[in-house]
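Breakdown of the fold
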Amino acid sequence: MTPAPLIDPFARAITYLRVSVTDRCDFRCVYCMSENMTFLPKKELLTLEELDRLCSTFIRLGVKKLRITGGEPLVRRGIMTFFGAMGRHLDSGALDELTVTTNGSQLEKYADDLFAAGVRRINLSLDTLDDDKFAAITRWGRLPQVLRGVDAAQRAGLRVKINAVALKGFNEEELPRITQWCAERGMDLTWIEVMPMGDIGNENRLGQYWSLRDVRRAYEDHYTVTDLAERTGGPARYVRLEETGQKIGFITPLSHNFCESCNRVRVTCTGEIFMCLGQEDRADLRAPLRAHPTDDAPLEQAIRAAIGLKPKGHDFDYSRQRLDGQMTRHMSHTGG
Ligand code: SAM
Ligand code: SF4
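As the structure is a prediction and not an experimental result, all values here were calculated from the model. (Residues numbered from 1 in each chain as written. Chains lettered and ligands numbered in written order. Predicted model: local features only at pLDDT ≥ 70, side-chain atom pairs only at ≥ 80, totals over all residues. Heavy atoms only, no water.)

1. A closer look at the pairing of strand E1 (residues 16-20)
Just so we agree on the cut-off: Exposure categories follow from relative accessible area, calculated using a 1.4 Å probe and restricted to protein chains: below 20% of the type maximum is buried, above 50% is exposed, and the middle band is partly exposed. For the purposes of this entry, the term helix denotes a DSSP run of H or I that reaches at least four residues, the term strand denotes a run of E that reaches at least two, and both are numbered from the N terminus. Think of it this way: DSSP has to see at least two bridges between two strands before they count as a pair. Orienting the strands away from the viewer, one traces the path from the first strand over the helix to the second; a clockwise path indicates a right-handed crossover.
Counting buried positions over the five residues of E1 gives five, a clear majority of the element. Both faces of E1 are covered, namely the face carrying Tyr16, Arg18 and Ser20 and the face carrying Leu17 and Val19. Here five bridges tie E1 to strand E2 (residues 65-69), and the two strands are oriented parallel to one another. The residue of E2 that forms the bridge with Arg18 is Arg67. Handedness of the β-α-β unit built from E1, helix H1 (residues 48-60) and E2 comes out right-handed. By the bridge criterion, four bridges tie E1 to strand E11 (residues 264-267) in an arrangement that is parallel. Within the sheet, the bridge partner assigned to Leu17 lies in E11 and is Val265.

If you want it as structure tokens, here you go:
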């Protein structure tokens, strides 16, 4: 018997799950982490087997799209085994899409394995094409390694979308160059508005809040920009650049004009489900997973109970917020 799908109290079907598989990362992007991070002890993390059970349960309940994120998901030991195992849900038709958000550092090693597991599209985060600026913004990252990763991904047959955090005075003047680079390589590009992360200190902040309205205006200085009606149920809006035919996305993570079509929930690497990125509503899925190693019914109940509490939306009016101290949760915890 097919179980009832996951429908929240506002009649939204939950078909998109984003799972963070680690809080660790080989980079220390200044807007995401402090240099000296304390990471969770291993026993707090869901094991690969637990991640499999958790994702498979969501898929049985109607999740069609699964995005793996982190921290940096590809630094988690054994993660390719997990990707390989998730491939069975693509084969069976239960899952439409398996995808990953990555900083690209490990792609040279794993691009072929990801393709073999059934991944066809990836999101790759990259804010600058300048070696020194890349080292400054990621602290520990090195651009050539990531560019080799982009090459490897495209060679493997993966479609790559670039996500760039918009930072005034940092990558502002690089907008045409980044855009052209993406056009030449046939990659879509999405700009993300920087979100305030309260507890990572300001002293290191490179670049400032650059509103996406202004990013869009910057495009109008260089291109003919046409708005597209297309929505994905998420916070992105799209335009087309007529000169290149490229689709450019804009993500304002905390704007609430997309809440009514929200189809997603997030699970952290410790098995906490967050029903809304802009709210603190959460529930623990690890306890039912661990207490019942061979029975998925309690986990399913916990998932249904959590979805039953999904809020209508977040009442975070970004335009009126100060930029500091609003979000104490790290993006690396909820996976962005
Ligand atoms: N490590 C992977 C990566 O960088 O793609 C996946 C996890 S990372 C937390 C996911 C996304 O969140 C990245 O695109 C990153 O740029 C974005 N991000 C991190 N901190 C952010 C912040 N303060 N504001 C906006 N986006 C942020
Ligand atoms: Fe790591 Fe991604 Fe956060 Fe950068 S944004 S520190 S790559 S998790």
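2. Section: the site of ligand 1
This is how it is decided: Each residue is tested against the molecule or strand, and it is near if at least one of its non-hydrogen atoms lies within 4 Å. Distance and chemistry together define a polar contact, namely a pair of N or O atoms within 3.5 Å, with one atom able to donate a hydrogen and the other to accept it when in protein, and with adjacent residues in sequence counting only for side-chain atoms on both sides. Here the accessible surface of atoms and residues is derived via Shrake-Rupley with a 1.4 Å probe, and residues count as covered only by protein chains that are part of the display. In this classification, the charged set is Asp, Glu, Lys and Arg, the nonpolar set is Ala, Val, Leu, Ile, Met, Phe, Trp, Tyr, Cys and Pro, and all remaining amino acids, among them Gly, are polar.
Around ligand 1, 18 residues are found, and the nearest of them are Tyr31, Gly71, Glu72, Ser125 and Met195. The separation between a nitrogen atom of ligand 1 and a polar main-chain atom of Tyr31 is 2.9 Å. Residue Thr102 places a main-chain N or O atom 3.3 Å away from an oxygen atom belonging to ligand 1. Considered on its own, ligand 1 offers 550 Å² of accessible surface; in the complex 94% of this is hidden by protein. Along the lines of polarity and charge, the residues of the shell around ligand 1 split into eight nonpolar, eight polar and two charged.

3. Some remarks on the site of ligand 2
Taken together, Cys25, Phe27, Cys29, Cys32, Met33, Gly71 and Asn103 form the complete shell of residues around ligand 2. Its residues placed into classes, the shell around ligand 2 shows five nonpolar, two polar and no charged.

4. Concerning the packing of aromatic side chains
Our working definition: Here a Phe, Tyr or Trp ring, Trp counted by its six-membered ring, pairs with any other such ring whose centre lies within 6.5 Å, and the pair is stacked when the planes are under 30 degrees apart, edge-to-face when over 60, and tilted otherwise. In this scheme, the term charge over a ring applies when either NZ of a lysine or CZ of an arginine sits within 6 Å of the ring centre and within 35 degrees of the ring normal.
This structure, assessed with the given rule, holds five aromatic pairs. An aromatic cluster is present here, built from Tyr219, Tyr223 and Phe250 joined pairwise through their rings. One residue, Arg120, lies across the ring of Phe115, its end atom 3.6 Å from the ring centre. Cation over ring: Lys133 sits above Phe170, and NZ or CZ is 5.3 Å from the ring centre.

Function cannot be read off these values alone, since they describe shape.
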